[in-house]
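Residues per chain are reported as follows:
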Amino acid sequence: MGEGTAILFDFNGVLVNDEPLHRDATIATLAEYGIDLDAEGYARDFLGFDDRACFRFAFTTHRRPADAEAIEDAVERKHAWYARAARRALPLVPGAERFVRQAKAEGRRVAIVSGALRREVELALEVTGLGPLFECVLAAEDVPRGKPDPAGYLRAREALGVPPGRCVVIEDSLPGLAAARAAGLRCAMLTTSHPAERLAEADLVWESFEGRAPADLPWTSHD
């Protein structure tokens, strides 16, 4: 039914609804450096970018050292905040597990392409029990540049051996949409991080996976 097709899932805000955890961890970490950030500023300047890009931007903007050592220190601090919160509660996006299981049952290939650190993705997969469902997981350390650079999506598609016309990305952020487009892939988006009116460039926009099926995605080739 779905043989020879693939779905490349972003992770945060697509499978696990942990963008608030990442937001709060980033805000708390920057506060340790005396940098104020609120939820609005996070959504405007940070959402969809990997940790290193976020801290590099914040430190440069506030004229603080942004060398590799300073960035890695901030990444470690933020990870500690995130890990504590994730182990307490890590909700899934409604319908996400059922959707992935249905895709697998139909013979579709499924992978994760995330801008988060691998240990954070693996922690979330462990907490939610989703790990065994995915045959390929690409995280921030696996590519030279994060989204909107297409490297992650290009590498995942090539690893699965699926042509672009039979591969669809599911995203929630604007940098993620740009990365999918740059990789030559169609993209469905969830409104977990942005309102629908900001996602007009996507091929399809859903509120969640509830009531949705893999066959509903914007495939360019028939199954």
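Just above sits the structure.
Being a predicted model, the structure only gives us computed values, none of them experimental. (Residues numbered from 1 in each chain as written. Predicted model: local features only at pLDDT ≥ 70, side-chain atom pairs only at ≥ 80, totals over all residues. Heavy atoms only, no water.)

Caption draft 1: Inspection of helix H6 (residues 118-128) at higher detail. Residues of H6 that are buried include every one of Glu-120, Val-121, Leu-123, Ala-124, Leu-125 and Thr-128, and no others. Following H6 by one or two positions, Gly-129 adopts a phi angle in the positive range, close to 80 degrees. (Buried < 20%, exposed > 50% of the residue type's maximum accessible area, 1.4 Å probe, protein only. Helix = DSSP H or I, 4+ residues; strand = E, 2+ residues; numbered from the N terminus.)

Caption draft 2: Region of interest: the sheet that holds strand E2 (residues 109-113). Taken in spatial order, the six strands line up as E3-E2-E1-E4-E5-E6 in an open sheet, and their pairing is parallel. Two strands lie at the open edges of the sheet, namely strand E3 (136-138) and strand E6 (204-206), each paired on one side alone. For this sheet the average axis-to-axis angle between neighbouring strands, irrespective of direction, equals 20 degrees. When strand E5 (residues 186-190) meets E6, the two strands line up parallel, connected through three bridges. Paired with Ala-188 across the strands is Leu-204, a residue of E6. Here helix H8 (residues 174-182) sits on the sheet and contacts strand E4 (167-171) and E5; the angle it forms with E5, its principal contact strand, is near 165 degrees. (Pairing = 2+ DSSP bridges. Axes fitted to C-alpha atoms, helices over the stretch in contact; angles between N-to-C directions. Contact = heavy atoms within 4.5 Å.)

Caption draft 3: Region of the structure containing the side chain of Arg-108. Turning to its location among the elements, Arg-108 is positioned in the loop between helix H5 (96-105) and E2. For Arg-108, a relative accessible area of 3% translates into the label buried. Among the polar contacts made by the side chain of Arg-108, one reaches the side chain of Glu-106 at a distance of 2.8 Å. (Polar contact = N/O pair within 3.5 Å; in protein donor to acceptor, adjacent residues only side chain to side chain.)

Caption draft 4: Broad picture of the nonpolar core. Counting residues in hydrophobic clusters, the biggest one holds 36 residues, and the most contacted among them are Ile-7, Phe-9, Leu-15, Phe-134, Ile-170, Phe-209 and Leu-217. Filtering out sequence-adjacent residues up to four positions away, Phe-209 remains in contact with Phe-9, Val-14, Val-93, Pro-94, Gly-95, Ala-96, Arg-98, Phe-99, Ile-170 and Leu-190. Within the second largest apolar cluster, 21 residues are counted, among which are Val-113, Leu-160, Leu-185 and Leu-199. (Core = buried A, V, L, I, M, F, W, Y, C linked by side-chain atoms within 4.5 Å.)

Caption draft 5: Summary view of the state of the cysteines. Across all of its chains, the model carries zero disulfides by this definition. Summary of cysteine pairing: Cys-167 is not part of a disulfide, and the nearest cysteine sulfur, belonging to Cys-136, is at 11 Å. On the basis of relative accessible area, Cys-167 is assigned to the buried category, the value being 2%. (Disulfide = S-S within 2.5 Å.)

Caption draft 6: Summary view of the packing of aromatic side chains. Under the definition given, this model contains 10 aromatic pairs. Plain terms: the ring middles of Phe-9 and Phe-134 are 5.9 Å apart, the flat faces sit at 80 degrees to each other, and that makes the pair edge-to-face. Taken together, the residues Phe-9 in strand E1 (residues 6-9) and Phe-134 in the loop between H6 and E3 connect sequence positions 125 residues apart. Note on Phe-134: relative accessible area 8%, which makes it buried. In this structure an aromatic cluster arises from ring pairing among Phe-9, Phe-99, Phe-134, Trp-206 and Phe-209. Taking the ring centre of Trp-81 as reference, the NZ or CZ of Arg-84 above it sits at 5.2 Å. (Phe/Tyr/Trp six-rings, centres within 6.5 Å; stacked < 30°, edge-to-face > 60°. Lys NZ or Arg CZ within 6 Å of the ring centre and 35° of its normal.)

Caption draft 7: Focus on the pairing of E5. Among the five residues that make up E5, four are buried, leaving the element largely enclosed by the rest of the structure. Note: E4 against E5, four bridges, orientation parallel. From the neighbouring strand, Glu-171 faces E5, where its bridge partner is Met-189. Running through H8, the crossover from E4 to the neighbouring parallel element E5 is right-handed. (Right-handed = clockwise from strand over helix to strand, strands pointing away.)

Caption draft 8: Fine view of the pattern of salt bridges. Enumeration over the complete set of coordinates arrives at 17 salt bridges. Here Glu-106 ties to Arg-108 by a salt bridge, and the two come within 2.8 Å at their closest N and O atoms. Each member of the pair Glu-106 and Arg-108 is classed as buried. Asp-203 is the salt-bridge partner of Arg-181, the closest N and O atoms lying 2.9 Å from each other. A residue pair is termed long-range when its members are at least 10 positions apart, and Arg-181 in helix H8 and Asp-203 in the loop between E5 and E6 qualify at 22 residues. (Salt bridge = Lys/Arg side-chain N within 4 Å of Asp/Glu carboxyl O.)

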